[in-house]
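Here is what each chain is made of, one letter per residue.
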2 protein chains.
Amino acid sequence: MRAAGGGALAAAAAVTAVALAVAAWRRARPVREVLFFPSRPCCIEALLAEAAEPGAPARPCPCPLPSGDTALSRLVRRLLSARRSLDLCLFSFSCPQLARAVQLLHRRGVRVRLVTDAQYMGLHGSQIGRLRHAGIQVRHDQHSGYMHHKFAIVDRRMLITGSLNWTAQAIQSNRENVLVVEDAEYVKAFQDEFERIWEEYNPANYSFFP
Amino acid sequence: MRAAGGGALAAAAAVTAVALAVAAWRRARPVREVLFFPSRPCCIEALLAEAAEPGAPARPCPCPLPSGDTALSRLVRRLLSARRSLDLCLFSFSCPQLARAVQLLHRRGVRVRLVTDAQYMGLHGSQIGRLRHAGIQVRHDQHSGYMHHKFAIVDRRMLITGSLNWTAQAIQSNRENVLVVEDAEYVKAFQDEFERIWEEYNPANYSFFP
């Protein structure tokens, strides 16, 4: 009996060691994910609530949508993983769910910067005004061409980029793709592009009398 | 003198060996490239001529554009590297230069398949009709949502994807990005998406009486 008990203990210890090693490997492995849209409809209230108050008891959402694993919920999870900074370079931003996630990060002390397109930021349903009102720094172009990028950089570490504009139409109805990559080379290229645009769109550089 | 001559020969052999090793390493290293637009204007006649008749003497183009290294010329080079297949999944395709590159590949025997958006394929300047007329297989959606992808897969090996629609406006005037990656995992995800769409948009599945 004693030997058998010792064996069981050793086996349990081995299983725990393997589980810890797998968890460490998962943490260390860079994210490489491809999301395709349209996304199935889903409720992200639980994700937002957990991000707002980690560990608080979950309150069920009265909405009829399922809260499963979808392209949208995965995108939201990646955004909510930000701890220090979120740099957004978005042609069009009218999805209220994604705007709530961004606002939540801002409230949590994450440094959010947003670059967008001057012609699209004023369209009906745009979330840019709401985000500006919440105190988030927003800059836009002053050109005839579009600021057509659709990328986000989380903590200067994770790049989220693709064809997806952050609109409900794109998320629910269009064929779209989003790549999520933790790759220093790609992140640096996009971070440099972000900083170039951020400086170029500095309001101090606007010309009002062409 | 003889010893010096031998030394020179050995040095030349060493330089050649290093050059060959670097060339082999370059060939073996997977492509990882990020292109940002707008692209400087450039003439791609020399690239198209070289692809049409490799090794033929270069004829100078009378146009006033420079033929330097630009985001557009790099994109064209990547496309023209196709030997067997080119799968295109493009929301909007109105750039005549890119259409000529695709037609050239088709004429060279590369299997070209093109998926596009039904609402955008008929717009003024669209190259879809011209490509269909040249014998290239084209399929489109039948939905209210957009087929909003903008990706290409070269030889089931290289993925070209980003925010860039294949239009002159996007190339010359917009802030855009394109990733070029030779990465089996990403290519497989996009190739699977292409095949799903290609089947879904099979004309045999169209419904004419909703």
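Treat the numbers as computed from the prediction; the structure is a model and nothing was measured.

Overall, the predicted model of chain A reaches an average pLDDT of 92, with 96% of residues at or above 70. Prediction confidence for the complex, expressed as pTM and ipTM, is 0.87 and 0.86 respectively.

This next bit is on the pattern of salt bridges. Tallied over the full model, the rule gives 30 salt bridges over all chains. Put simply, Glu200 of chain A and Arg175 of chain B hold a salt bridge, and the shortest N to O gap is 2.2 Å. With Glu200 of chain A in helix α7 (residues 184-200) and Arg175 of chain B in the loop between α6 (168-173) and β7 (176-181), the pair connects residues from two separate chains. Under the relative-accessibility criterion, Glu200 of chain A is labelled partly exposed at 36%. We note a salt bridge from Glu45 of chain B to Arg100 of chain B, for which the minimum N-O separation is 2.7 Å. Of the two residues, Glu45 of chain B is situated in helix α2 (residues 45-52) and Arg100 of chain B in helix α4 (residues 96-107); the sequence distance between them amounts to 55 residues. What makes Glu45 of chain B partly exposed here is its relative accessible area of 30%. Put simply, Glu33, Asp69, Arg74 and Arg78 of chain A are held in one network by salt bridges that share partners.

What follows concerns the packing of aromatic side chains. One pass over the full model with this rule turns up 14 aromatic pairs over all chains. Ring centres of Phe91 of chain A and Tyr120 of chain A lie 4.2 Å apart, and the angle between their planes is 40°; on these two criteria the pair is classed as tilted. Of this pair, Phe91 of chain A sits in the loop between β2 (85-90) and α4 (96-107) while Tyr120 of chain A is found in the loop between β3 (111-116) and α5 (128-133), placing the two residues 29 residues apart along the sequence. Among the residues examined, Phe91 of chain A registers a relative accessible area of 6% and is labelled buried. Under the relative-accessibility criterion, Tyr120 of chain A is labelled partly exposed at 29%. For the cation-ring pair, Arg113 of chain A lies above Trp198 of chain A, with the distance from its terminal atom to the ring centre recorded as 5.3 Å. Arg196 of chain A extends its terminal NZ or CZ atom over the ring of Phe36 of chain B, reaching a point 5.7 Å from the ring centre.

Our next topic: the sheet that holds strand β1 (residues 32-37) of chain A. Residues and elements named next belong to chain A. Spatially, seven strands are ordered β1-β7-β6-β5-β2-β3-β4 in an open sheet, and the strand pairing comes out mixed. The two strands at the open ends of the sheet, each matched to only one other strand, are β1 and β4 (137-140). Between one strand and the next, the sheet's axes are offset by a mean angle of 10°, whatever the strand orientation. Direction of pairing for β2 relative to strand β5 (residues 150-154): antiparallel, over a ladder of five bridges.

Facing the 34 residues of chain A at the interface are 34 residues of chain B. Counting each side, the surface lost to burial between chain A and chain B is near 2900 Å², with a carbon and sulfur contribution of 52%. It is Arg32, Arg175 and Tyr186 of chain A that lose the most area in chain A upon contact with chain B, and together they represent 28% of the buried surface on that side. Taken together, the connections running from chain A to chain B amount to eight salt bridges. For Arg32 of chain B, the salt bridge is made with Asp183 of chain A, and the minimal N-O distance between the two is 2.7 Å. Applying the counting criterion to the chain A and chain B interface returns 22 residue pairs in polar contact (both at pLDDT 80 or more). Residue assignment for the side of chain A that touches chain B shows that the elements contributing at least two residues are β1, β5, β6 (158-162), α6 (168-173), β7 (176-181) and α7 of chain A. Ranked by residue count, the leading element in the side of chain A that touches chain B is α7 of chain A, at eight residues. The residue makeup of the side of chain A that touches chain B, split by class, is 13 nonpolar, eleven polar and ten charged.

Bringing the sheet that holds strand β4 (residues 137-140) of chain B into the picture now. The strands making up a sheet associate through backbone hydrogen bonding, with each pair oriented either parallel or antiparallel. Residue and element names in this part refer to chain B. With mixed pairing, seven strands are arranged side by side in an open sheet as β1-β7-β6-β5-β2-β3-β4. The strands lining the two open edges of the sheet, one partner per strand, are β1 (32-37) and β4. Averaged over neighbouring strand pairs, the angle between their axes works out to 10° when direction is ignored. Running over the sheet, helix α7 (residues 184-200) touches β2 (85-90), β3 (111-116), β4, β5 (150-154), β6 (158-162) and β7 and is turned about 70° from β3.

How each quantity is defined
- Residues numbered from 1 in each chain as written.
- Chains lettered and ligands numbered in written order.
- Predicted model: local features only at pLDDT ≥ 70, side-chain atom pairs only at ≥ 80, totals over all residues.
- Heavy atoms only, no water.
- pLDDT = per-residue confidence, 0-100.
- Salt bridge = Lys/Arg side-chain N within 4 Å of Asp/Glu carboxyl O.
- Helix = DSSP H or I, 4+ residues; strand = E, 2+ residues; numbered from the N terminus.
- Buried < 20%, exposed > 50% of the residue type's maximum accessible area, 1.4 Å probe, protein only.
- Phe/Tyr/Trp six-rings, centres within 6.5 Å; stacked < 30°, edge-to-face > 60°.
- Lys NZ or Arg CZ within 6 Å of the ring centre and 35° of its normal.
- Pairing = 2+ DSSP bridges.
- Axes fitted to C-alpha atoms, helices over the stretch in contact; angles between N-to-C directions.
- Contact = heavy atoms within 4.5 Å.
- Buried area = accessible area lost by both parts, 1.4 Å probe.
- Polar contact = N/O pair within 3.5 Å; in protein donor to acceptor, adjacent residues only side chain to side chain.
- Nonpolar A, V, L, I, M, F, W, Y, C, P; charged D, E, K, R; others polar.

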